[in-house]
Amino acid sequence: MKMMKPYVWLQTSDDSIQQVEQEIAMFCPLICQEIIQKGMGSSKNCAICLPQQVSPAMLSLILDYCRFHQVPGRSNKERKSYDEKFVRIDTERLCELTSAADSLQLKPLVDLTSRALARIIEGKTPEEIRDIFHLPDDLTENVEVEEEHVDDRSVDDLLSFINGNDGGKLNILTILIFVFT
Amino acid sequence: PPSRRPTKSSRSRRPTKSSIFLPDELIEEILSWLPANILLRLKCVSKKWHSLISHPYFLKLHQERSNAKMGKNHETRLRIFLKNQNLAAAYNQMCCYEKFLKAIDCLPVVLYWLVFHVGVLVFDLMSVIPFS
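Calculation rules
- Residues numbered from 1 in each chain as written.
- Chains lettered and ligands numbered in written order.
- Predicted model: local features only at pLDDT ≥ 70, side-chain atom pairs only at ≥ 80, totals over all residues.
- Heavy atoms only, no water.
- Core = buried A, V, L, I, M, F, W, Y, C linked by side-chain atoms within 4.5 Å.
- Buried < 20%, exposed > 50% of the residue type's maximum accessible area, 1.4 Å probe, protein only.
- Contact = heavy atoms within 4.5 Å.
- pLDDT = per-residue confidence, 0-100.
- Axes fitted to C-alpha atoms, helices over the stretch in contact; angles between N-to-C directions.
- Helix = DSSP H or I, 4+ residues; strand = E, 2+ residues; numbered from the N terminus.
- Parallel < 35°, antiparallel > 145°, perpendicular 65-115°, else oblique.
- Left-handed = near helix turned anticlockwise from the far one by under 90°.
- Nonpolar A, V, L, I, M, F, W, Y, C, P; charged D, E, K, R; others polar.
- Pairing = 2+ DSSP bridges.

Student: I'd like to hear about the nonpolar core, residue by residue, with values.
Tutor: In this structure, A:Phe133, B:Leu31, B:Leu42 and B:Trp49 are the most contacted members of the largest nonpolar core, which totals 54 residues. Dropping the residues within four chain positions of it, B:Leu42 is found in contact with A:Ile121, A:Ile129, B:Leu31, B:Leu34, B:Trp49 and B:Ile53.

Structure representation (structure tokens):
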């Protein structure tokens, strides 16, 4: 029975080639385009070259996801609980999966994983978030410097600055700006 | 028979930690699921995130997400409402409700931008106000 199904050849980022069921692989718009528009994937020699983001481990996860959702007649509840379990992996792998799914243009999976990542971010401190996404701490320093600068000016300084000006209308305007900022 | 999954050796081969880099579009995608109050806090994570969150394109994306979410809530509320009230009263309410939803759609992006920066969730406030 299995041998009768059409298969498609895929090449992952580590240059390894594997065969997967065509109807499952076709869930990914990028693979679908390659098959229909370019006639690729029909043999090992013309395997579809997947984007750099798709490692064999990620492809395996993505195909599991497609295989589950491809089966007709599953209830919404079943699908929802599968999705919930599916994204219960460590954050690093979740990032990898988001990136791989995006490169295959698999929008439902991108939505699922990005939502899961959003939930993770929600409970994290800026420091922890920087660690997850390898971001530089380039903003906190600047903000601190600015705040220090503002604190340096005392109210007396400001008042003398206002009084020392041309007076009249300009004074009122300056005070108003001062009050509102 | 053809193998469905990658071999064990290729499975254990994992990229190094620093190799995972999400492009700006995906960061935006992730952040667009978060409520405005959390986003305001996340502005201090890095310069990059600060500019991403402040960008008009992101605000538009976020607005779309919020609208979609709100639409769902309203739909369920409306269904419960219809169940409990007699039909004539419900119909009147529904007309008001549609006007209210249209009014929200008309809120210009500029206003949303302002509201976003002040940190007030205008949509949450509006849903608290009775619609009749």
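Student: Mind laying out the confidence of the model for chain A, listing which residues take part and the relevant values?
Tutor: Taken over all residues, the pLDDT of chain A has a mean of 82, while the share at 70 or more is 74%. Of the regions scoring below 50 in pLDDT, residues 144–151 of chain A engages in zero contacts with residues more than four places distant in sequence or in other chains.

Student: Which residues make up the packing of helix α6 (residues 107–122) of chain A against helix α2 (residues 24–31) of chain B, and what values do they have?
Tutor: Relative orientation of the contacting elements α6(A) and α2(B) amounts to 65 degrees, with a least axis distance of 8 Å. Taken together, α6(A) and α2(B) sit at an angle that is classed as roughly perpendicular. The crossing of α6(A) and α2(B) is right-handed. Taken together, the residues of α2(B) that come into contact with α6(A) (itself represented by A:Lys107, A:Val110, A:Asp111, A:Ser114, A:Leu117, A:Ala118 and A:Ile121) are B:Leu26, B:Glu29, B:Ile30 and B:Leu31. Here the contact of α6(A) with α2(B) is built from residues that sort into seven nonpolar, one polar and three charged.

Student: Help me get a handle on the pairing of strand β2 (residues 17–21) of chain A, residues and values and all.
Tutor: All names here are of chain A. Burial within β2 is extensive, with four of its five residues counted as buried. Here strand β1 (residues 7–11) pairs with β2 via five bridges, running antiparallel. Paired with Val-8 across the bridge in β2 is Val-20. The turn linking β1 back onto β2 is made up of five residues, and Asp-15 within it adopts a positive phi angle of 70 degrees.

Student: How would you summarise the side chain of B:Arg65 if you had to cite specific residues and measurements?
Tutor: Tracing the sequence through the fold places B:Arg65 in helix α5 (residues 56–84). When its relative accessible area of 16% is taken as the criterion, B:Arg65 is described as buried. Look past the residues within four positions of B:Arg65 in its chain and what remains in contact with it is A:Lys107, A:Asp111, B:Glu29, B:Ser32 and B:Trp33.

Student: Could you give me a rundown of the pairing of β1(A), with the residues and numbers involved?
Tutor: Here β1(A) lies mainly inside the structure; five of its five residues are buried. Residues A:Tyr7, A:Trp9 and A:Gln11 of β1(A) are buried on one face, and the alternating residues A:Val8 and A:Leu10, pointing to the opposite face, are buried as well.

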